[in-house]
Amino acid sequence: MGPVSDLLIVGGGINGAGIARDAAGRGLAVTLVEQSDLASATSSWSSKLIHGGLRYLEQYEFRLVREALREREVLLRLAPHIIRPLLFVLPHDASMRPVWMIRAGLWLYDHLGGPISLPGSKAVSFPHLEFSAGLKGGIRRGFVYSDCRVDDSRLTVVNAMSAREKGATILTRTRFEGARRVEGAWEATLAGADGVARTVRAKALVNAAGPWVVDVLDRIQGDRITDRVRLVKGSHIIVPKVHSQGHALILQNPDKRVVFVIPYEQRFSLIGTTDVPVANIEEAARITPGEVEYLLAAVNRFLARPLAASDVVSSYAGVRPLYDDGSDNPSEVTRDYVLKVDHEQGHVPLLTLFGGKITTYRRLAEESLAKLAPFFPGMKGDWTAGEPLPGGDVAHFNGFRDEMRARYPGLPRDLVEGVVRRHGSRAVRVLGEAGCLADLGISFGAGLTQREAEYLVAEEWAATAEDILWRRTKCGLHMTPGETDAFAAWMGEARRGSRSPG
Ligand SMILES: Cc1cc2nc3c(=O)[nH]c(=O)nc-3n(C[C@H](O)[C@H](O)[C@H](O)COP(=O)(O)OP(=O)(O)OC[C@H]3O[C@@H](n4cnc5c(N)ncnc54)[C@H](O)[C@@H]3O)c2cc1C
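The rules we used
Per chain, residues are indexed from 1 in the order of the written sequence. Two thresholds apply to this predicted model, a pLDDT of at least 70 for residue-level local features and 80 or more for giving and counting side-chain atom pairs, whereas whole-chain, interface and lining totals are computed over all residues. The angle between two axes is taken between their N-to-C directions and runs from 0 to 180 degrees, where each axis is a line fitted to C-alpha atoms and a helix contributes only its stretch in contact. To qualify as a helix, a DSSP run of H or I must reach at least 4 residues; to qualify as a strand, a run of E must reach at least 2; elements of each kind are numbered from the N terminus. Under this scheme an angle from 65 to 115 degrees is roughly perpendicular, one under 35 degrees roughly parallel, and one over 145 degrees roughly antiparallel; angles in between are oblique. By definition, turning the near helix anticlockwise from the far helix through less than a right angle yields a left-handed crossing, and turning it clockwise yields a right-handed one. Distance between backbone-placed C-beta atoms decides contact: two residues are in contact if it is within 7 Å. Amino acid classes used here: Ala, Val, Leu, Ile, Met, Phe, Trp, Tyr, Cys and Pro are nonpolar; Asp, Glu, Lys and Arg are charged; the rest, including Gly, are polar. To define a nonpolar core, we join buried Ala, Val, Leu, Ile, Met, Phe, Trp, Tyr and Cys residues through C-beta atoms within 7 Å and take the resulting set. The burial label depends on the number of other C-beta atoms within 10 Å of a residue's C-beta. Counts of 20 or more mean buried, 12 or fewer mean exposed, and intermediate counts mean partly exposed, with C-beta atoms placed from the backbone. Where a domain begins and ends is set by an automatic assignment or by a domain database. Residues are classed as near a molecule or strand if the C-beta position derived from their backbone is within 6 Å of it. Should DSSP find at least two bridges between two strands, the strands are taken to pair.

### Quick look at the packing of helix 8 (residues 397-407) against helix 9 (residues 413-423)
Moving on, step 1. For the pair helix 8 and helix 9, interaxial distance at closest approach is 10 Å and the crossing angle is 135°. Taken together, the axes of helix 8 and helix 9 lie oblique to each other. Here helix 8 and helix 9 pass one another in a crossing that is right-handed. The residues of helix 9 that touch helix 8, namely those facing Arg 401, Met 404 and Arg 405, are Arg 413, Val 416, Glu 417 and Val 420.
Moving on, step 2. Across the contact of helix 8 with helix 9, the residue classes tally to three nonpolar, no polar and four charged.

Put into structure tokens, the structure is as follows:
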């Protein structure tokens, strides 16, 4: 058995990766295990918003909204390549919330988190040259406010990369099988992709297993955490874009929920989400025809050109691992996070996370380290608010993108732009000295090249075609079935090792 590390983190979603980064930067020896790919679960199934959560104001979740609004500003500075400002248009519907209530909510949204760099909210009359795009003619007024969108799976990966650069060991395709306290430390069993079991030791254990949080608790001997998780499924559909402007829509639904229509991957709109309680993760494997119908009905109340099921080009379903606060209505279960520590006479702690948002992952990590601080007296203080994430050290993203276009005049503009959006300042590591497309090896389609795929395998733990086509990039959405098959065949070949992509 090897040396005793400080932290063993179970789960390579945004929360596990965020804690790994924070802890490694404070000088702790960290190992993170993820049973599948990084961000292969909830952290790639989200609505991809870094947002305060306007809707949560109605549920009096002021703590959460304030923290999330503050984090929006912080995260925009740390990762401006994968987090971008986004305007939201809320068309007013007189049968829903009254104007005074929306105005009050938006005022609070502009002020609750302190100073904001994004544009403040405003009321607009329709028809409007820009903001009534795609909407039915009868709508007379609306409101515009700011939030941000994020590439959720890339946010997870860049946190893991930063953790590794600060000394953490990140083991993907490695399953946590169980743990028990032995002689003042955790002794944990891990199983790799080859099925071979190994034992590691750590001074503290972090359960960041998202929807599997209780399954992981059940694998830990002697834990006394009795809190439970509420699994609430949420699904999205992807359709050809519903208007030509750059803003998102937030649409009120008669059941008092809201549905987002978010510009997605240049050519598409992402529509979501639903709130369906499920008993287990398997029940949330894919979107149901009923959910597709619900989302289409919600948007068709507002869209000038109604959408049909045949417009849906792709979809995904996920499950929110919410803290069970006893609410009857799945839309009202708290979206805030809850951290629980179990320890044995001041030793060998187990920290378990329930709930949380992508938006609040960095604060959740700080709170987690604060809970663990008594067990690591020499540990350094908070630091993650000030250091950009890998690729994020570009002060003005648009200026940097233009610089990169000028630096690579021989490469297709869209390809350079895609690489810059994914990798930020690290785009240079991907593109190197390439003068023309052929310098980047095979072109698989949608701007994905052999050079980038090899980089993703070598630097970002990508191991399968799915990891690359749907999480490290979204090229899968733009490729033809023939192109994705050809890429999968190449990955199979690459992994057998004649070439050396990693
Ligand atoms: C439909 C939907 C929309 C959402 N929209 C937003 C949004 O717009 N903005 C926002 O801020 N938040 C949003 N959220 C919330 C956000 O996505 C989640 O709170 C967040 O991703 C949870 O991250 P996590 O790391 O806790 O869990 P996960 O990402 O699920 O990670 C847990 C990981 O643990 C691994 N694991 C489990 N068991 C084991 C084991 N035994 N061994 C090793 N690994 C294991 C899993 O494979 C998984 O990768 C949304 C959620 C959903 C479902």
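### Brief notes about the nonpolar core
Moving on, step 1. If you look at the biggest cluster of nonpolar residues, it comprises 138 residues, and the most contacted ones within it are Ile 9, Ala 20, Val 30 and Val 299.
Moving on, step 2. Excluding its chain neighbours within four sequence positions, the residues that come into contact with Ala 20 are Ile 9, Val 30, Leu 32, Ala 160, Ala 163, Ala 168 and Ile 170.
Moving on, step 3. In terms of nonpolar packing, the next biggest core, distinct from the first, is built from five residues, Tyr 56, Leu 64, Ala 68 and Leu 69 among them.

### Quick word on the domain arrangement of the protein chain
Moving on, step 1. Entries for the protein chain in the domain assignment read domain 1 (4-42 + 153-227 + 334-375), domain 2 (84-148 + 230-324) and domain 3 (397-496).
Moving on, step 2. The gap between the C-alpha centroids of domain 1 and domain 2 is 33 Å.
Moving on, step 3. Each side of the interface is counted separately: domain 1 has ten residues, and domain 2 has nine residues.

### Quick look at the site of the ligand
Moving on, step 1. Taken together, 37 residues are adjacent to the ligand, and Gly 11, Gly 13, Ser 43, Gly 210 and Gly 234 come closest.
Moving on, step 2. Grouping the amino acids of the shell around the ligand by side-chain chemistry returns 14 nonpolar, 18 polar and five charged.

### Side note on the pairing of strand 10 (residues 197-207)
Moving on, step 1. Pairing geometry for strand 1 (residues 4-10) and strand 10, over six bridges, is parallel. The partner of Val 4 across the bridge, within strand 10, is Arg 201.
Moving on, step 2. Taken together, the six bridges between strand 9 (residues 185-192) and strand 10 define a ladder with antiparallel strand orientation. Bridging from a neighbouring strand, Ala 191 pairs with Ala 197 of strand 10.
Moving on, step 3. Between strand 9 and strand 10, which follow one another and run antiparallel, lie four residues, and Gly 195 among them has a positive phi close to 85°.
Moving on, step 4. Bridging between strand 10 and strand 18 (residues 347-355) involves three bridges; their strand directions are parallel. Its bridge partner lying in strand 18, Val 206 is registered against Leu 351.

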